[in-house]
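Inside the fold
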Amino acid sequence: MGGQTGLFLFWLHVFCEVVLADVWKVDVEHKMEALVSSCVVLPCKFTYPAQQQPSDRIRGIWHKEKKWDDIIFHGDKTLVEDNFKGRTKLIGSLGGSNCSLEIDEVKNIDNGPYCFRVELETAPEDKYSFAENCVSINMIEEAPNPVVEAETSVLEGEPAIFKCSVRHTCPTHQPSLSWNHSGKIISSYKSLGHGNWEAESLLTFTPTKEDSHTSIECTVKYHGNVKGKMKASRPVFVKEKATLSHIIIPALSGLGAALLVGTVCFLVVKRYRKRIADLQSGVGVWNRLSRMSRRFRSGEGRSELGGREQRRSIWSRFSRRDQRHQIDRGFDNKRNYAGFGDKEFSKARMPSPKSQSKCYTAESYDDDDYTNTADLNLYGNI
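Residues numbered from 1 in each chain as written. Predicted model: local features only at pLDDT ≥ 70, side-chain atom pairs only at ≥ 80, totals over all residues. Heavy atoms only, no water.

An unreviewed UniProt entry lists the chain under the name Myelin-associated glycoprotein isoform X2, with Danio rerio given as the organism.

Okay, here's the thing in structure tokens:
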């Protein structure tokens, strides 16, 4: 039973191979990109109707479109155009149906289109040129910069990973990626399909305080005579690990600042409170003086002073009358005592108003001891 199953699978494989391979077919990328002065690989797969042949019985040829004699690759190098001699080669196995072509030292005139032709040694008629499936190349004059990916902020003491990548179309000569920082580096290459590849480099290191505010730089070096080195960088900010000092110091700083501000505010309030009290008392005195001044100017003060002067004038009149009675009594006594002796009687001297001049000011109106000198003029009243 097992032998019959194996025999059935064998004949099924042969049948499928004959049916599926009974056509001439090629699989290529119709449009490719190539970096000038570097290299490019044109991916190619083909099938043919004959029985599978080894590589040495298959001849693969690349030529320009519609120009079968303009050969850019041939097993016989003497048949290759001078412009392409030494710059082209097959990188796949024809026996494995791989017809991929590498073009090195790409020139800006190598834009194609290019077509593949296969010749089998099984029979003279087993030849086929895939003129309807050719490849055109778009030339890139300026090399692209790599792309750096990483977190901008990293934690001190914790591993940080930086990724640098660049795309290209030459898997046979991968571009090299380098870093400006030491650490563990892992490089890899992968196909993105349609003849595009990506070179990738991972940098792993443990950041320190010295790494903060610096830049991690990645440099790419392409194969060939590509001018310059393409670079890309990423800034790094290192966060310090939280420790006990990171908690205590800010807390003490905040407490000290609060105490300082509170003390300053207390002193300022105390000082200005005293000044406000002094100003308030000064304002009260000033208000009293202002009211008195306004009253004096309006006549109130003057009428009050006039009243005082009137009262003092009445008192002065009574005083003058009493003094006149005393003088009259003095004269009477003189006459009465004239006969008692020859002793001469002397008249009491009264002070002259002119000998005691008085200066009047606004302050003197409020003095209770003020005396009107006009009322003391005894000589004028006698």
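Once the structure has been displayed, the description carries forward.
This next bit is on the overall build of the chain. Summing up its helical and strand segments, the chain has 4 helices and 19 strands in all. Sorting the 382 residues of the chain into buried and exposed places 27% on the buried side. Once local pairs closer than 6 in sequence are excluded, the contacts in the chain between residues at least 24 apart make up 63%. On the chain, roughly 26,400 Å² of surface is accessible, and the fraction owed to carbon and sulfur atoms is 55%. (Helix = DSSP H or I, 4+ residues; strand = E, 2+ residues; numbered from the N terminus. Buried < 20%, exposed > 50% of the residue type's maximum accessible area, 1.4 Å probe, protein only. Contact = heavy atoms within 4.5 Å. Areas by Shrake-Rupley, 256 points an atom, 1.4 Å probe, with all protein chains shown as cover.)

Its location among the elements puts Cys115 in strand 9 (residues 114–120). Under the relative-accessibility criterion, Cys115 is labelled buried at 0%. Separated by 19 residues in the primary sequence, Cys115 and Cys134 have C-alpha atoms spaced 4.4 Å apart. Filtering out sequence-adjacent residues up to four positions away, Cys115 remains in contact with Ile61, Trp62, His63, Glu65, Phe130, Ala131 and Cys134.

So, about the state of the cysteines. Counted according to the given criterion, the structure contains 4 disulfides. Paired through a disulfide, Cys115 and Cys134 show a sulfur-sulfur distance of 1.7 Å. One quick way to see it: the torsion about the S-S bond of Cys115 and Cys134 is about 90°, and its sign makes the bridge right-handed. One end of the pair, Cys115, is in strand 9; the other, Cys134, is in the loop between strand 10 (127–129) and strand 11 (136–140), and 19 residues separate them in sequence. Once the disulfide-bonded cysteines of the chain are ranked by sequence position, their pairing pattern turns out to be 1-7, 2-3, 4-5, 6-8. (Disulfide = S-S within 2.5 Å.)

Residue-level pLDDT values for the chain average 75, and 66% of them are 70 or greater. Note on residues 333–348: pLDDT under 50 across the span, and 2 contacts to partners over four residues away in sequence or across chains. Low pLDDT (under 50) marks residues 353–382, which in the prediction has 35 contacts with non-local residues, meaning those over four places away or in another chain. (pLDDT = per-residue confidence, 0-100.)

This part takes up the side chain of Asp211. Examined against the element boundaries, Asp211 turns out to sit in the loop between strand 17 (196–205) and strand 18 (214–221). Although Asp211 lies buried, it forms no salt bridge, and the closest oppositely charged side chain, Lys209, sits 12 Å away as judged by the N-O distance. Every residue in contact with Asp211, bar those within four places of it in the chain, is listed here: His181, Phe205, Thr206, Val236 and Val238. (Lys, Arg positive; Asp, Glu negative; His and termini not counted. Salt bridge = Lys/Arg side-chain N within 4 Å of Asp/Glu carboxyl O.)

Attention now goes to the nonpolar core. Core analysis: the largest hydrophobic core is formed by 29 residues, its most contacted members being Leu42, Phe46, Trp62 and Phe116. Ranked by residue count, the leading element in this core is strand 9, at 4 residues. Leave out the neighbours within four places in its chain, and Trp62 touches Leu42, Cys44, Ile71, Ile72, Phe73, Leu90, Cys99, Leu101, Tyr114, Cys115 and Phe116. Core analysis: the next-biggest nonpolar cluster, separate from the first, contains 23 residues, Ala150, Leu177, Ala199 and Ala232 among them. (Core = buried A, V, L, I, M, F, W, Y, C linked by side-chain atoms within 4.5 Å.)

The final tally for this structure, using the stated rule, is 8 salt bridges. Among the ionic pairs, Glu119 bridges to Arg117, the shortest N-O distance being 3.0 Å. Residue classification places Glu119 among the buried positions, given a relative accessible area of 11%.

Let us now look at the side chain of Asp104. With respect to the element layout, Asp104 can be found in the loop between strand 8 (101–103) and strand 9. Buried and without a salt bridge, Asp104 has Lys89 as its closest oppositely charged side chain, separated by 7.3 Å. Among the polar contacts listed, one links the side chain of Asp104 to the side chain of His223, at a separation of 3.2 Å. Sequence-distant contacts of Asp104, that is, excluding residues within four places in its chain, are made with Ser38, Cys39, Arg87 and His223. (Polar contact = N/O pair within 3.5 Å; in protein donor to acceptor, adjacent residues only side chain to side chain.)

What follows concerns the pairing of strand 11. The alternating pattern of strand 11 places Ile137 and Met139 on a buried face, while none of Ser136, Asn138 and Ile140, on the opposite face, is buried. Of the strand pairs in this sheet, strand 2 (residues 31–35) and strand 11 are connected by 5 bridges, and their pairing is parallel. Paired with Lys31 across the two strands is Ser136, which belongs to strand 11. (Pairing = 2+ DSSP bridges.)

The sheet built from 4 strands is open, its strands ordered 6-5-9-10 with antiparallel pairing. At either margin of the open sheet sits one strand with a lone partner, and together these are strand 6 (67–73) and strand 10. Each strand of the sheet is rotated relative to its neighbour by a mean of 35°, with strand direction disregarded. Taken together, the 7 bridges between strand 5 (residues 58–64) and strand 9 define a ladder with antiparallel strand orientation. Along strand 9, the bridge assignment pairs Arg59 with Glu119. (Axes fitted to C-alpha atoms, helices over the stretch in contact; angles between N-to-C directions.)

Residue placement: Asp76 occurs in the loop between strand 6 and strand 7 (88–90). Separated by 15 residues in sequence, Asp76 and Ile61 place their C-alpha atoms 9.7 Å apart.

All right, on to the packing of aromatic side chains then. In total, this model carries 9 aromatic pairs according to the counting rule given. Judged by centre distance (5.5 Å) and plane angle (5°), the rings of Trp24 and Tyr128 are stacked. Of the two residues, Trp24 sits in the loop between helix 1 (2–20) and strand 1 (25–28) while Tyr128 sits in strand 10, which places them 104 residues apart along the sequence. Judged by its relative accessible area of 23%, Trp24 is partly exposed. When the centroid spacing of 6.2 Å and the interplanar angle of 5° are considered together, the rings of Phe116 and Phe130 count as stacked. Of the two residues, Phe116 sits in strand 9 while Phe130 sits in the loop between strand 10 and strand 11, which places them 14 residues apart along the sequence. (Phe/Tyr/Trp six-rings, centres within 6.5 Å; stacked < 30°, edge-to-face > 60°.)

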